Amino acid sequence: SQQRSTASSIIIMPSASRFILKDSPPAVKAVAKNKEVRGRRYDSECAERPGGIKAPELLFGVQMACLSVTDDAPGSLKKVGRMNPWQIKALKIITGSEEGAHAPLSEILKTQFNLNMDHMMNVSGMSKAGHALDTQGFIAHNDSTIVLSYRCTTSIADWLTNLTTTSSAWEIDEDVSQGHSGFWSCWCDHGSCTGADAAKPRVHTGFYNNFLVTVPLIRKYIDPLLAADEPPRTLYVVGHSLGAGIAAMAACYFLLENYDWKASPHKLRIVTVGGPRSCCTSMARLVDEKLRELRETDKAVFARVVRDK
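*Asks:* Mind laying out the side chain of Lys 299, listing which residues take part and the relevant values?
*Replies:* Checked against the element boundaries, Lys 299 lands in the loop between helix H15 (281-295) and strand S8 (300-305). The charged side chain of Lys 299 is buried without a salt bridge, its nearest counter-charge being Asp 260 at 7.7 Å.

*Asks:* Go over the pattern of salt bridges, please, and point to the residues and values.
*Replies:* In this structure the tally under the stated criterion is 10 salt bridges. The salt bridge involving Glu 98 is made with Lys 92; its shortest N-O contact spans 3.4 Å. The class of Lys 92 is partly exposed, set by a relative accessible area of 33%. Glu 293 is paired through a salt bridge with Lys 290; the nearest N and O atoms lie 3.5 Å apart. Here Glu 293 pairs with Lys 290, and both are found in helix H15, just 3 residues apart, close to one helical turn. Among the residues examined, Lys 290 registers a relative accessible area of 22% and is labelled partly exposed. Three or more residues are tied together by salt bridges with common partners; here these are Glu 57, Lys 267, Arg 269 and Asp 298.

Definitions and cut-offs
- Residues numbered from 1 in each chain as written.
- Predicted model: local features only at pLDDT ≥ 70, side-chain atom pairs only at ≥ 80, totals over all residues.
- Heavy atoms only, no water.
- Helix = DSSP H or I, 4+ residues; strand = E, 2+ residues; numbered from the N terminus.
- Buried < 20%, exposed > 50% of the residue type's maximum accessible area, 1.4 Å probe, protein only.
- Lys, Arg positive; Asp, Glu negative; His and termini not counted.
- Salt bridge = Lys/Arg side-chain N within 4 Å of Asp/Glu carboxyl O.

Below you can see the structure in the form of C-alpha cells.
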C-alpha cells in the first residue's frame with residue numbers, strides 16, 4: 001500500500017523489475033519502465049471487505065488445487081513427480097513430510113484437513129463428438145466446507161484439451177444430456193452463427209467438455225450438501241493450470257445456473273492457480289456482472305492467482 005515505506009515495499013518483492021503491480025508504490029513502479037503493470041498484491045484490509053478473499057481462504061484453495069495431482073492409487077504421486085518434481089515438493093509442504101506427501105489422498109484430506117472424501121473423479125477417453133476427455137480430481141466435504149478440485153495437466157490427452165483453439169456455446173442442459181458440446185458448436189468461430197446462436201455465451205471447447213462430464217457428479221455429491229436445510233458451508237471450486245480452466249467452467253456453472261446464492265446460507269469461493277483463458281468475452285461479461293451483483297453479500301468470490309504475466 002502507499003502507506004508502506006518505499007524501502008520495505010522493494011525488499012518484500014522478490015524482484016522489483018519483475019513483480020510490478022497496480023498498487024505498488026511510485027518508486028517501485030518507476031523501475032518498471034515500459035513493462036506492463038498487471039495484478040495486485042494481497043491486501044489484508046481489502047480482504048476484510050465484502051467480496052474480498054482472506055489469506056486462509058486463498059491458501060486453502062491453493063492447497064486443495066495442489067492435492068488434486070494425487071489419489072488413493074499406490075504410486076500416483078511418484079508417477080506424476082517423474083514429469084513434475086515440484087508437485088512432490090508442494091505436497092511435502094502441505095503434509096509436512098515426504099512420507100505424508102505420498103500417503104493416499106483420502107488419508108491426507110482426513111488427517112490434515114478433517115475432510116471426508118466423497119468421490120475421486122477419473123474420466124478419460126473421447127466424447128461421442130470426438131472431444132478428448134481426461135478429467136481427474138476429487139470432491140470432499142465436512143460440516144463447514146465442500147471442495148471440488150480439478151487436476152492439472154499430467155497426460156497427452158490433457159495436452160489435447162489445452163491445445164484446443166475453438167469455442168462452444170454454453171448450453172448446459174442440452175450438452176450434459178448428450179455428454180458433449182455438440183458436433184458443430186465451434187462453427188461460430190468461423191462466422192457461421194447468426195441470431196440467437198450468435199448471442200449465446202461461449203467458452204473454451206476443451207475445458208467445457210471436460211467439465212460437462214463432471215456435472216452429474218456435482219449434482220449427485222455437491223447439490224445435496226447445498227440444500228437450504230444443511231449447515232452453512234463454503235464451497236471451494238479450485239484447480240491449477242488445466243484444472244484451473246475446468247474450474248473456471250464450474251465457476252460459470254455455479255454462478256449462472258440454478259443456484260440462488262443471495263438466499264442460500266452457503267458461500268462460494270473460486271480459487272484458480274495459473275489458469276489459462278477459458279471464457280470468451282460474451283461469457284466473461286455475464287460472470288463479471290453476477291460477481292458484482294453478489295459482491296456486497298460476500299457470498300461469491302473469484303480469485304485468480306498468477307505469477308507475473
